[in-house]
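Secondary and tertiary structure notes
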Amino acid sequence: MKVLEIKNLKKKFGEKVVLKDISLQIKEGEVVSIIGPSGSGKSTLLRCATFLEKMDAGELSYSEKNIIHSKHGRAIYPHSKELRKVCENFGLVFQDFNLFPHYSVLKNIVDAPISVEKRKKEEVYEEARALLKKVGLEDKENAYPSQLSGGQKQRVAIARAMAMRPKMLYFDEPTSALDPELTAEILKLIKQLAAEKMTMVIVTHEIDFARAVSDRVIFMDEGVIVEEGKPEDVIDNPSNERTREFLKKLSY
Amino acid sequence: MRKKLNRYALLFCFVLSFFLLPLITPVWEKIQAEKSDTTLVVGFDAEFPPYGYKDENGDYVGYDLDLAQEVCKRQGWTLVKQPIEWNSKDMELNSGTIDCIWNGFTVNGREDEYTWTVPYVDNSQVIIVRNDSDITELSHLENKIVAVQSDSSALAAFTGEGATEENLALCTSFKELQQIGDYNSAFMNLESGMVDAIGMDIGVAKYQVESRGETFRILETRVSTEQYAVGFKLGNTKLRDQVQDTLKEMVEDGTFMKISKKWDLEDCVCLGEQLGITEESTGEETESEAVLDNPKNEKEENQDTNTPKGNKSDILPVVKQLGEGMVATLSIFFLTLVFALPLGLLIAFARMSRYRILNWISGIYISIMRGTPLMLQLLVVFFGPYYFSQYINTFLPEQYMITVNLSNSYRFLAVIIGFSLNYAAYFAEIYRAGIQGVPKGQREAALVLGYSRTQTFVKIIFPQMLKRIMPPVTNEVITLVKDTSLAFALAYTEMFTLAKQISAAQTSIMPLFVAGVFYYVFNFIVAFVMKRIEKKMEYFQ
Ligand SMILES: Nc1ncnc2c1ncn2[C@@H]1O[C@H](COP(=O)(O)OP(=O)(O)OP(=O)(O)O)[C@@H](O)[C@H]1O
Ligand SMILES: [Mg+2]
């Protein structure tokens with residue numbers, strides 16, 4: 001089953017074409033890493049897939065249900081209420097966490113399931129505590145975000161995304177705001193999720209991590225998917241010149 | 001789409017109704033007023049003893065008010081004593097918020113501007129100096145600073161159209177002719193040497209010099225002679241005749257003279273003369289009955305002091321009287337916040353809206369509200385509907401003309417509307433900065449979690465905005481406490497206006513100090529409460 005399918009996505013900012021013609025499929029249980037130089041459009045791709053940016057043309061389906069279709073070369077969006085409902089399909093973990101500072105750790109996790117999904121309180125709280133335990137923060141449920149380290153914040157952000165029971169998770173450079181020691185704890189957590197067969201799309205600059213965790217690696221440059229395939233092919237034995245150059249620069 | 005349109009339409013109507021309120025209310029109140037046509041609203045300057053002022057019990061009293069009271073009694077009307085801001089007297093009269101000006105109101109030079117009764121007081125303009133001053137004649141005023149009340153008869157005597165050659169020459173010889181808002185501050189200026197002399201009506205001068213004791217004296221030579229009468233809106237001869245006939249009756253049966261004696265003004269009244277009646281002199285025994293609260297009598301009782309207000313230095317009664325003004329100040333304060341805080345949020349939304357037109361309107365609104373004086377805005381809200389309708393009428397055929405008659409009770413409403421509209425603009429900008437200061441990642445995180453736009457604002461953005469805006473809001477709120485005193489522009493008697501009136505009546509600046517302490521304490525409490533709220537939100541960053 002395809003959790004996500006994007007066809008011929010095009011995105012412009014003003015006159016600047018940022019995504020040229022992106023097509024992408026993510027299967028259930030698959031872990032896909034997206035790598036590429038700065039400005040190549042990786043974040044924009046995730047933002048289009050999560051409806052934070054509007055794409056100009058192309059089609060998009062979640063769980064094989066068409067959401068955005070194409071008409072006369074233009075992307076047609078459903079009503080915003082319907083679009084909001086589709087958000088149940090995925091979670092997004094940001095580079096800079098974006099926890100709600102006025103909510104405690106527990107409230108950050110339970111608020112959306114209760115007030116958006118209208119799920120039962122007791123059940124949500126129970127699940128949230130289980131999630132906190134899983135990310136190793138069961139003793140922090142009453143802390144406020146400002147009292148946490150960067151790594152702890154990111155673990156809460158992951159728990160918050162998981163609490164919505166998404167079919168897939170997006171990560172946009174989840175560790176680039178973190179110190180190396182803290183990076184390790186987040187990567188470990190993501191690896192654990194991968195082992196549990198969570199479907200994930202991860203934009204990252206951590207090549208070793210991408211190699212270890214991914215089923216598939218996508219290399220993007222200048223708004224197009226230049227190369228994709230198994231990590232041992234794309235990372236260790238790239239066929240494209242641009243990919244080779246990028247990886248060479250990265251290894252310095 | 002249609003639903004959204006509805007929501008915006010509703011919002012628009014809400015804002016619009018706020019602007020229309022001042023237009024609708026007067027009409028409605030006019031309907032009310034016509035039902036009870038038996039009140040006489042007398043406009044007067046409450047800092048103008050002995051004609052009209054506030055006594056130590058906090059009541060408006062005075063010679064003119066006594067006369068008006070007697071007229072009303074005989075006509076079966078209810079007297080409404082409405083203190084007004086002297087500079088706005090014409091607007092008050094024209095817009096119908098008062099029926100007449102009865103307040104030592106000088107006829108000379110204004111003959112064609114009002115419909116007048118015959119004069120009842122012949123008054124003269126005199127110069128008051130400090131007792132220790134070496135000024136004894138008018139010519140000594142050369143190179144001196146002379147104070148007069150703005151738009152007063154004294155000012156007219158020196159600079160008005162009807163001023164004599166000598167007075168004009170005299171005036172140019174002054175170092176400066178200073179206009180001062182009220183007599184009380186004029187005396188403070190004189191006492192402290194900031195001005196060398198004050199020009200004023202003789203009746204007022206006598207009262208002031210008497211009550212302030214040995215400190216001042218009146219120059220022998222008079223600057224000019226003039227007459228007082230009751231002024232009505234031009235053309236309102238019906239009401240004028242009713243009042244004048246009653247006054248005539250009062251002259252004939254001696255009541256007029258009795259009241260004049262009570263106020264020690266028998267030397268300058270001239271109504272009988274004017275009407276060609278020889279006045280009956282009232283006997284001594286009747287006089288003593290009529291003068292129970294005669295200031296002169298009180299003076300005799302208070303042997304130990306040369307001021308007629310024996311309790312001048314008593315703080316407690318002053319505080320008690322100011323309490324009433326404090327209530328007025330508090331209601332302006334709280335009602336303004338109640339309306340301005342939410343209205344500001346609506347304006348902030350309009351300012352940030354995707355719709356150009358809303359952006360544009362709210363931008364202009366904010367710029368006008370912040371770019372013009374609040375006092376001017378208050379005047380526009382209060383008098384605007386009347387003058388606007390007058391202007392419109394110049395384009396309309398007669399049968400479609402609108403008559404807007406502002407009622408007196410619109411005064412308070414106008415104060416609240418004026419303040420709310422003004423403060424809403426300031427709050428709107430504070431909200432906007434607060435909302436825009438919340439990192440955009442917060443909104444995005446909420447959207448991805450499926451929060452609706454409303455939920456995102458209410459649950460995520462608003463609390464964070466609130467924390468950000470507390471310091472600037474505190475500043476605005478403290479400014480509001482002090483700004484409430486601007487209500488004097490519409491002659492709404494809040495605490496500061498009241499303090500000025502009491503200060504004028506008691507010829508003492510103590511009430512002003514007490515008012516200052518009130519404001520300070522009020523602001524102290526406001527600052528304390530705001531600090532507590534800020535503390536409450538310190539749990540997050
Ligand atoms: N809101 C925006 N308005 C205009 N241009 C934008 C906007 N967002 C991104 N861009 C441009 O689009 C291009 C792609 O940006 P994007 O953030 O997707 O790159 P990225 O691959 O995520 O880079 P990085 O590795 O630095 O995060 C860049 O050239 C960027 O300047
Ligand atoms: Mg990026």
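Residues numbered from 1 in each chain as written. Chains lettered and ligands numbered in written order. Predicted model: local features only at pLDDT ≥ 70, side-chain atom pairs only at ≥ 80, totals over all residues. Heavy atoms only, no water.

This part covers the packing of helix α13 (residues 315-352) of chain B against helix α16 (residues 410-437) of chain B. All names here are of chain B. Relative to each other, α13 and α16 sit at 45°, their axes nearing to 5 Å. By the angle between their axes, α13 is oblique relative to α16. Considering the relative orientation of α13 and α16, their crossing is right-handed. Among the residues forming the contact of α13 with α16, the class breakdown is 23 nonpolar, five polar and three charged. (Axes fitted to C-alpha atoms, helices over the stretch in contact; angles between N-to-C directions. Helix = DSSP H or I, 4+ residues; strand = E, 2+ residues; numbered from the N terminus. Parallel < 35°, antiparallel > 145°, perpendicular 65-115°, else oblique. Left-handed = near helix turned anticlockwise from the far one by under 90°. Nonpolar A, V, L, I, M, F, W, Y, C, P; charged D, E, K, R; others polar.)

All names here are of chain B. Pairing in this open sheet of three strands is antiparallel, and the strands run β2-β3-β4 from one edge to the other. A strand with exactly one partner marks an edge of an open sheet, and here the two such strands are β2 (47-48) and β4 (60-61). With two bridges joining them, strand β3 (residues 52-54) and β4 adopt antiparallel strand pairing. The partner of K54 across the bridge, within β4, is Y60. (Pairing = 2+ DSSP bridges.)

What follows concerns empty space enclosed by the protein. Residue and element names in this part refer to chain B. Counted according to the given criterion, the structure contains five cavities of 30 Å³ or more. For the second largest cavity, the calculated volume is near 110 Å³. Lining the second largest cavity are 14 residues, with F48, W86, G104, Q149 and S152 positioned closest to its centre. Across the lining of the second largest cavity, the residue classes tally to four nonpolar, six polar and four charged. Split by domain, the lining of the second largest cavity shows at least three residues from each of two domains, domain 2 (39-119 + 229-305) and domain 3 (122-226). (1 Å grid on protein atoms, 1.4 Å probe; cavity = no way out; pocket = protein on both sides within 12 Å on 5 of 7 lines; lining within 4 Å. Points joined across faces, edges and corners; volume = space filled by probe spheres on them. Domains from an automatic or database assignment.)

Our focus in this paragraph is the pattern of salt bridges. Note on pairing: side chains with opposite charge can pair once their charged atoms come close. All chains considered together, the criterion is met by 31 salt bridges over all chains. Each of A:E117, A:R119, A:E123, A:E127 and A:R165 takes part in one network of salt bridges that share partners. (Salt bridge = Lys/Arg side-chain N within 4 Å of Asp/Glu carboxyl O.)

Residues and elements named next belong to chain A. Strands sit in the order β2-β1-β4-β5-β6 across an open sheet of five strands; the sheet is antiparallel. Two strands bound the open sheet, and with one partner strand each, they are β2 (16-27) and β6 (74-76). Neighbour to neighbour, the strand axes of the sheet diverge by 20° on average, direction disregarded. Alignment of strand β1 (residues 2-13) against strand β4 (residues 57-62), held across five bridges, turns out to be antiparallel. Each bridged residue has a counterpart across the sheet, and for L4 the counterpart in β4 is Y62. Across the sheet, helix α1 (residues 42-49) touches β1, β2 and β4, and the angle it forms with β1 is around 120°. (Contact = heavy atoms within 4.5 Å.)

Turning our eyes to something else, we now look at the domain arrangement of chain B. All names here are of chain B. Examined at the domain level, chain B breaks down into domain 1 (2-29 + 316-536), domain 2 (39-119 + 229-305) and domain 3 (122-226). Between the C-alpha centres of domain 1 and domain 3 there is a distance of 41 Å. Taken together, the contacts link eight residues of domain 1 with seven residues of domain 3. When domain 1 packs against domain 3, the two sides together hide about 490 Å² of surface, and 52% of this comes from carbon and sulfur. Contact with domain 3 buries area across many residues of domain 1, yet A504, T507 and I509 alone supply 67% of it, more than any other trio. Scanning the region where domain 1 abuts domain 3 turns up zero salt bridges. Counting across the domain 1 and domain 3 interface gives zero residue pairs in polar contact (both at pLDDT 80 or more). It is helix α19 (residues 495-506) that provides the largest number of residues to the side of domain 1 that touches domain 3, a total of four residues. For the side of domain 1 that touches domain 3, the per-class residue count stands at four nonpolar, three polar and one charged. (Buried area = accessible area lost by both parts, 1.4 Å probe. Polar contact = N/O pair within 3.5 Å; in protein donor to acceptor, adjacent residues only side chain to side chain.)

Residues and elements named next belong to chain B. Looking at the element boundaries, Y520 is found in helix α20 (residues 510-536). Judged by relative accessible area, which is 56%, Y520 ranks as exposed. Along the sequence, Y520 and L341 sit 179 residues apart, while their C-alpha atoms lie 23 Å from each other. (Buried < 20%, exposed > 50% of the residue type's maximum accessible area, 1.4 Å probe, protein only.)

Residues and elements named next belong to chain A. In the vicinity of ligand 1 there are 13 residues, among which S38, G39, K42, S43 and T44 approach most closely. Contacts to ligand 1 include K42, whose side-chain N or O atom sits 2.8 Å from an oxygen atom. Residue S43 places a side-chain N or O atom 2.7 Å away from an oxygen atom belonging to ligand 1. Starting from 630 Å² of accessible surface for ligand 1 in isolation, the protein chains cover 61%. Every element with two or more residues in the shell around ligand 1 is listed here: β2 and α1. No other element matches α1, which puts three residues into the shell around ligand 1. Looking at the shell around ligand 1, its residues break down into three nonpolar, seven polar and three charged. (Near = heavy atom within 4 Å. Areas by Shrake-Rupley, 256 points an atom, 1.4 Å probe, with all protein chains shown as cover.)

This part covers a nonpolar patch on the surface. Taken together, B:V517, B:Y520, B:V521, B:F524, B:I525, B:F528, B:V529 and B:I533 make up a surface patch of nonpolar side chains, about 780 Å² in accessible area. Since its relative accessible area comes to 47%, B:I525 is described here as partly exposed. (Patch = residues over 30% accessible without salt bridge, like charges linked within 9 Å, V, L, I, M, F, W, Y side chains within 5 Å.)

Let us now look at a negative patch on the surface. A grouping of B:D90, B:E111, B:D112, B:E113 and B:E161 is seen on the molecular surface, where their side chains present a negatively charged patch. On the secondary structure map, B:D112 appears in the loop between β6 (100-101) and β7 (115-116). (Lys, Arg positive; Asp, Glu negative; His and termini not counted. Charge placed at Lys NZ, Arg CZ, Asp CG, Glu CD.)

It is worth spelling out the packing of aromatic side chains at this point. Throughout the structure, instances matching the rule amount to 35 aromatic pairs over all chains. Between the aromatic rings of B:F48 and B:Y51, the centroid separation amounts to 5.5 Å while the plane-to-plane angle is 25°, which identifies the pairing as stacked. Both residues of the pair, B:F48 and B:Y51, belong to the buried class. In this arrangement the basic side chain of A:K107 is found over the ring face of A:Y103, its NZ or CZ atom lying 5.0 Å from the centre. Over the aromatic face of B:Y60 sits the side chain of B:K54, whose NZ or CZ is 4.0 Å from the ring centroid. (Phe/Tyr/Trp six-rings, centres within 6.5 Å; stacked < 30°, edge-to-face > 60°. Lys NZ or Arg CZ within 6 Å of the ring centre and 35° of its normal.)

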